[in-house]
Amino acid sequence: MKPNTMVRSMFAALALAGSLGALVASAPDAAAQGAAVPLRMTVWTGNKAHLDLFNGIAADYQKANLNVQVTFETLPFETYTTTLTTQIAGGNPPDLAWIFENSAPDFVASGALLPLKTALEGTPGYNSADLTPSALRLWQRNGEIYAYPFSTSPFAVFVNNDLVKQAGQKTPAEHVGAGTWTWDNAIATASAVNAKTGKGGLVVRDFDYKLWDNLATIWNGWGAAPWSEDGKTCGFDQPAMVDAMTFVYKAIFTDKAMPGPGTSADFFAGDAAMTITQISRASLLPKEGFAWDLVPLPKGPKGEYAVVGQAGIGVFKNSPRAQEAAKFLAFMTNPENSAKLAQFFPPPRKSLLTLETLAKTNPLLKPEQIENVVIKGIATGEVKPSHTGYAQLSQLVRAGLDAVWTPQAEVKPALASICQRIRPLLAR
Amino acid sequence: MTESFSPQVKVALYGLLCVLAVPFVFPTWWMVTSSFKPVSDIFAFPPALLPRSFEVAPYRQVFTLQPFARQYFNSAYIAAVVTVGTMAIASLAGYAFARIRFPGQNWLFLVVLVGLLIPSEVTIVPLFQMFLKVGLVNTHWPLILVPILGAPSVIATFIMRQFFISLPAELEDAARVDGLGRFGIFWRIALPLARPALGAVAIFTFLHSWNLFLEPVVFLSSPDKFTLPQALTQFVDAYGGPMWNVQLAAATLAAVPVLVVFVVAQRQFIEGLAHTGLKG
Amino acid sequence: MTGQASAAPEGTRTTDLEGPLRRPFWTMERRDTLAGYLFVAPQLLGSLVFVLVPLALVLWYSLHEWNVLAGSFEFTRSKNYQQLLEDPVLPEVLRATAFFSVGLVMMNLSIALLLAMLLNQKLRGTVVFRTLFFSPVVVSLVAWTIVWGFLLQKDGGINGVLALLGVEGPNWLREGTTAMISVIVVQVFKNVGLNMVLFLAALQNVPNEIYEAARIDGANRWIQFRSITLPLISPTLLLTSILTIVGSLQVFAQIAVLTQGGPGTSTTVLVYYLYQQAFQFHFFGYGSTLAVVLFAIVATLTVLQWQMRKRWVFHEV
C-alpha cells in the first residue's frame, strides 16, 4: 500500500501545484482582458419604462466596457431602506444603491459609501461644475460627495379634469391663471368631486397613512417642519404644524376631500380627481384616458412654495468592484445620459434644467407645465425631511400620528405627545 | 351523547355548523374568485360572490413581476428536505429516548425539550450572526439546518417518543432473539410500525417549513432566493397601480395546490394528527 | 476481530448473551448505550448549536450596544436592561402581548372545544365539516393573512356583508382595539382546526358508558360536560393550551402583513417589537435584551402550566 499511496500523493500534489500555477499565471491575463465584472444596483422602482431606460444605459456602457454587466434589482418601495440595510448587515451589499433623501444623513455619515468626487471629476466630459450646489447639499460631507443625487424631483398636482368638470368645479388650471389656486380651494374642489361622484378627491400618493414625510408637500405651505434646521428641536408641537395638521385632519374627516385610512384611490386608474406626486409617475398616465393636467402645489397661508424629493445613488466602499461601480455611475450620470434620465428623474445639472431640454425628453408635458412645475419647483423647492437615525425616528412619528387619523382625534395633544416621544432621539 | 336527535335539533345543529363554517371557508373562496376579477371589482359594493368576468392576465403577471416559479420551487424543495431530515432525526432520537436505556437520558431529553420553550424570534439574532460568520446568509442553508436540527424539530422528537413508548416490549425481545442489533430493531421493527406518527410529523413539519416567514425575511435578500410567503408580500409597486388581483392570484397559486392535496388525502391528514399521542 | 473470527466454529452465532466470555468490551448493554447516544446525537448536537449556544449568545449580546450599520460593538453591561426599564414603549408592548395571548388562547381553545363537541355528535356529514374547519390550517399563512387584509378594509368584504345587514362596520385595521381583535381572529381561524382535531380525538376516547351511567343518574348535559368531559380530556387541554400559548408569543407574520404594529403601538407585540429594534433599526443589542425577556416569559408560563397539571389534570400523563 505504502509505495502506491506515495505515488498517488505525489500526483495529487503535482496536480494541485499545476492548477494553482495555472490560476496564478492566468490571473494577470484575466485582469488585462477583463474578467466579468457583474455590478448590482438596487432600485425601488419596478416600472417597465424606468427599467428599460436603465437597461438601455447599461447596454451602452457595455459596448465600451465589454466585461461589465449591470443588473438592476428592484426592492419593494415601502420597505426599501430596511431591506437594503439588511442586505448590508447580512454581508450581501449591492455595488450601487439608490438612497432616499430621508436616510441620506445616515448613509453619508456611516462611512460605508465611497467618496465619488475623484471618479466623477476624473471622467472626461463630465462637467461637474454643472452640478447645482443646493442639490448636492444633503449628499456631501466635508467637501466630499458620497452619493450622487440623480433625481431632484419636484412634487406637483396631477389633475383629472374630467372629474373636476363633472363636479361642476373650476379646474385648477383656471385657478392658477386667476391666482386663486390655494389649499382652501383645492380642498373645496376635492370635496365637491367626492360628494358628486363618490371618487377620491385629493390623494397624497405613497402616503397611505404610513409614509408621513409625504405630508411635507402640504405642511410646507404653513411653514411647518417636523424638526428644526439643525434637527435638534421638535417641530410637531409648533403652531405652524398644528395649524397644518388640523387643516389636513379636517380635509380628511370633515370635508371628505382626501380618502380616509384604509381606503385607497388610484389617480392613474381614474379613481381620484387630484394627486400630489412627482413627475416620475407621468409614465403611469393612461394613453387614452381622462383629460389630465399638471399644476404646481397650491398656495398655503405662507404663500407659494415648492417641495422636492431627492434620490441619490451611492457606491459601497467595501464592494470588491467599487472602482468599476464608480465609473459606471459617472457614465450613467454624464450629461448625455442625464438628459435621457431627465424624462423621469430631473438631474442636478443647471444646463439641463432648461425648457428645451426638458421638453425634448418629456413629450407628455406641455411647456407651461414644465416651466411652472418642473423648473420652478426644482429652483425653489425645499427637500423633504431627513434626519440621522431615520428608521427609528420615522417609526415613532408614524405610531404617534396614528392617533391623529381617527374620527375622534384631538390633533394638538397627539402632536405634543409625538414631540415627547422623539425629543430624546433628536437630541442625540 | 348517544341519543338520536329530533328533526328540529338536527336542523339547528346543521345550521349552526354551516354558520360556523363561513369564516373558515369564505376567505379561501373570496381569494380564488377575486383573483379573476378586474382590480376595480375587488372592492365593489356589494361584494360579488362570483366574478363577473374571468381575467387570466393577473396570473401571467404573477410570473413576470417576480421569479415566482423559482420562489415556489424554493419553498417546495426546502420544505421537502426539512421534512425528510426531521423525520430521520426525530425518529432516531425519539426512539432512543423511548426504548433505549442509557445513562443520563432523562437529563438529555430535558436539554432537548428546552427547544420547545424557545420561540424562533429569541434566537434569530445570534443565528443570523452565526450564519453570517460562515458566509451562509442569503442562502437556503439556515432555512434547512435550523428546522431540522433546532427548535422546530423538538416537537417531532416528542411525538415520536410518545409513540415509541407505546410499543410493546415483546416485539423487541423477539427481534433480539433473531439477532438484530439495535439499529436493526429500529429500522425493521419500530419504524415501519410508526407510520401514523411519522405521517403526523411529516405533515406538521412540512406545513411549518412551508409557512416560515420571519426566517426568510431575515436571512434572504435576493428575490430569486425568496420563499413563497416572502414573495407574496412583494406584489406591490409604488410606481404602478394597486395590484390586488395579482396579489390574490399569487396567494391562490400558493394556497390551492396544498389545499387540493389536503382535500384528497384529508382522512390520512386528520387521522394521522389525531393519533400523535398528544392526547396524552 | 482478527484473531477471534477463526475461533468460532462454523454456523454458531455468537449471541450477545455469551458476550462477557467472547467480547470483553462490547456487551449488549454497552452497544445499546452507544446506539442510544448515536441516535440522539444529531438532535442533541443540533440543540446545542442551534438552540443553546444562540440562547447563551443572546444573553451575551444583551450586554452590549451593537449598531450593525455603524459597526460598533461595545460592552455596556446592564445598560440595555436599564433602557428596558426606562423604555416608554415597553409597557404598551407588554400589555399588547398579554391582551393578544390571553385573547387568542381563550378564543382558540373555546372555539376548538365547541367545534369538536359539535362534530362529536352522531350526525351524518360531520366529516365534510371537519374538512372545512381544518382547511385553513393548510392554506399558506401569508396567503390567508393577505386575504383577510383585503376583507378587513374599510370598504372590504366584511364591512360589505355587515352593510347588507344594516350595520356599519368599523375601520377594522386602523382603530386600536379592533385592530388587535382582527389580528387575533385571523390567527384563531387559521389554527383552531388543529386544536379541534386533537380535542375530537380526545373526546372520542371518552367511553360512552360513563355518559350513559350519568344520564341514568339524572345528570343533565351541563353536569355531564363539567364532571365527565372536561376532566377526561384535561391532559389534551393542558398540552394544547401550552402549545397555543407558546405559539401565540411567536406570532409575527400576521402583524407584519396586516398592521405593522399599528395603529400606534396597539398591535406591537413583543416579538414584533424585537423585530423592529433588531432588524429595522439595527439595534441588535437591545433586540437581544428583548429576546431574553421573551424567553423568560415563555419559560415562566410553561413551567407554571406544567406545575398546575397536578391540580388540573385528571390522569397523570
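Residues numbered from 1 in each chain as written. Chains lettered and ligands numbered in written order. Predicted model: local features only at pLDDT ≥ 70, side-chain atom pairs only at ≥ 80, totals over all residues.

Some thoughts on the overall build of chain A
Rules: Strands are runs of DSSP state E lasting at least two residues, helices are runs of H or I lasting at least four, and both sets are numbered from the N terminus onward. Remark: C-beta atoms are placed from the backbone, and a residue is labelled buried if 20 or more other C-beta atoms sit within 10 Å of its own, exposed if 12 or fewer do, or partly exposed between those counts. Two residues form a contact once the distance between their C-beta atoms, set from the backbone, is within 7 Å.
Helix and strand counts for chain A stand at 17 helices and 11 strands. Along the first, second and third principal axes, the C-alpha set of chain A runs to 95 × 50 × 45 Å. Relative to its 428 residues, chain A shows a buried fraction of 46%. Excluding contacts between residues fewer than 6 apart, the proportion of contacts in chain A whose partners are at least 24 apart in sequence is 75%.

Let's talk about the overall build of chain C
Regarding its fold elements, chain C presents 14 helices and two strands. Partitioning the intrachain contacts of chain C with sequence separation of at least 6 by distance along the chain shows that 67% fall at a separation of at least 24.

As for the interface of chain C and chain B
Definition in use: Under the grouping applied here, Gly and all other residues not named as nonpolar or charged are polar, the nonpolar ones being Ala, Val, Leu, Ile, Met, Phe, Trp, Tyr, Cys and Pro and the charged ones Asp, Glu, Lys and Arg.
The interface of chain C with chain B comprises 88 residues on the first partner and 81 residues on the second. Residue composition of the side of chain C that touches chain B, by class: 59 nonpolar, 23 polar and six charged.

Here's the deal with helix α6 (residues 141-151) of chain C
Among the 11 residues that make up α6 of chain C, 11 are buried, leaving the element largely enclosed by the rest of the structure. For α6 of chain C, the set of buried residues is L141, V142, A143, W144, T145, I146, V147, W148, G149, F150 and L151 of chain C.

What to know about the confidence of the model for chain C
Residues and elements named next belong to chain C. Counted only if it meets this: Looking at any residue, its pLDDT shows the predictor's confidence there, from 0 to 100.
For chain C, per-residue confidence averages 83 on the pLDDT scale, and residues scoring 70 or more make up 89% of the total. Here helix α1 (residues 19-22) stands out as the least confident element of chain C, with mean pLDDT 54; helix α4 (residues 89-119) is the most confident, with 92. Below a pLDDT of 50 lies the segment residues 1-8, which in the model reaches two contacts outside its immediate sequence neighbourhood of four places, other chains included. Scoring of the predicted complex yields 0.83 for pTM and 0.81 for ipTM.

Describing the environment of L63 of chain C
Residue and element names in this part refer to chain C. Its place among the elements puts L63 in the loop between α2 (28-61) and β1 (64-67). The spatial distance from the C-alpha of L63 to the C-alpha of L90 is 18 Å, given a sequence separation of 27 residues. Every residue in contact with L63, bar those within four places of it in the chain, is listed here: F75, T76, R77 and N80.

A look at the packing of helix α5 (residues 126-138) of chain C against helix α8 (residues 176-204) of chain C
Geometry of a packed helix pair, given as the angle between the helix axes and the separation of the axes. Residue and element names in this part refer to chain C. What counts here: Axes here refer to lines fitted to C-alpha atoms; in helices the fit is confined to the stretch in contact. Angles between the N-to-C directions go from 0 to 180 degrees. Roughly parallel here means an angle under 35 degrees, roughly antiparallel means over 145, roughly perpendicular means 65 to 115, and every remaining angle is called oblique. By convention the crossing between two helices is left-handed if the near helix lies anticlockwise of the far one by an angle smaller than a right angle, and right-handed if it lies clockwise.
At their nearest, the axes of α5 and α8 sit 7 Å apart, and the two run at 120 degrees to each other. When the interaxial angle is binned, α5 and α8 end up oblique. Considering how the two elements wind past one another, α5 and α8 form a crossing that is left-handed. Residues F133, F134, P136 and V137 of α5 touch α8, and the partners they reach there are F189, K190, N191, G193, L194, M196 and V197. Of the residues contributing to the contact of α5 with α8, the split by class is eight nonpolar, two polar and one charged.

Side note on the packing of helix α11 (residues 239-253) of chain A against helix α17 (residues 411-427) of chain A
Residue and element names in this part refer to chain A. Look at α11 against α17: their axes get within 10 Å of each other, and the N-to-C directions meet at 125 degrees. On the basis of their axis angle, the class for α11 and α17 is oblique. Considering only the axes of α11 and α17, their crossing is right-handed. Together, M241, V242, M245, T246 and Y249 of α11 and V411, K412 and L415 of α17 make up the contact between the two elements. Class assignment for the residues of the contact of α11 with α17 results in six nonpolar, one polar and one charged.

Topic: the domain arrangement of chain A
All names here are of chain A. What counts here: Note that the domain bounds reflect an automated or database-derived domain assignment.
Each assigned domain of chain A is listed here: domain 1 (35-153 + 309-383) and domain 2 (154-225 + 237-307). Each of domain 1 and domain 2 has a C-alpha centre, and the two are 28 Å apart. On the domain 2 side, the residues contacting the 19 residues of domain 1 number 16 residues. For the side of domain 1 that touches domain 2, the element with the most residues is helix α15 (residues 367-380), which contributes eight residues. A class-by-class count of the residues in the side of domain 1 that touches domain 2 yields eight nonpolar, nine polar and two charged.

Describing the environment of S153 of chain A
All names here are of chain A. Structurally, S153 is set in strand β6 (residues 147-160). For S153, a count of 22 C-beta atoms within 10 Å puts it in the buried group. Taking the C-alpha atoms as reference, S153 lies 24 Å from A190; in sequence the two are 37 residues apart. Beyond its immediate chain neighbours, meaning those up to four positions away, S153 contacts Q278, I279, S280, V308, G309, F345 and P346.

Let's talk about the environment of K302 of chain A
All names here are of chain A. Among the secondary structure elements, K302 is positioned in the loop between β9 (292-295) and β10 (307-315). Classification of K302 by C-beta neighbours within 10 Å gives partly exposed; the count is 13. It is 6.3 Å that separates the C-alpha atoms of K302 and G223, two residues lying 79 residues apart in sequence. Contact partners of K302, with chain neighbours within four places excluded, come to G221, W222 and G223.

Topic: unusual backbone geometry
All names here are of chain A. Located in the positive-phi region is Y209, a residue other than glycine, with phi close to 65 degrees. Structurally, Y209 is set in the loop between β7 (200-204) and α10 (216-219). Residue classification places Y209 among the partly exposed residues on the basis of 19 C-beta atoms within 10 Å.

A few points about the confidence of the model for chain A
Mean pLDDT over chain A stands at 85; residues scoring 70 or higher make up 92%. Within the model, pLDDT remains below 50 along residues 1-33 of chain A, and this stretch shows one contact once partners closer than five positions in the same chain are excluded.

Quick look at α2 of chain C
Cut-off, in case you're wondering: What a helix is expected to span follows from its residue count: subtract one and scale by 1.5 Å. Working definition for bend: take the seven residues up to and ending at a residue and the seven starting at it, fit an axis to each, and measure the angle between the axes.
Look at α2 of chain C: 46 Å from first C-alpha to last across 34 residues, which is about the 50 Å you get at 1.5 Å a residue. Approximately 50 degrees is the largest bend angle found in α2 of chain C, and it occurs at A41 of chain C, with the proline P42 of chain C only one to four residues beyond.

Quick word on the pairing of β10 of chain A
All names here are of chain A. The criterion, for reference: Note on pairing: two strands pair once DSSP finds at least 2 bridges between them.
Where burial is concerned, most of β10 is hidden: nine out of the nine residues are buried. Both faces of β10 are covered, namely the face carrying V307, G309, A311, I313 and V315 and the face carrying V308, Q310, G312 and G314. Strand direction decides the pairing type here: strand β3 (residues 96-100) and β10, joined by five bridges, are antiparallel. Each residue of the ladder has a partner; that of I99, found in β10, is G312. By the bridge criterion, two bridges tie β10 to strand β11 (residues 382-383) in an arrangement that is parallel. By the bridge assignment for β11, V308 is matched with V383.

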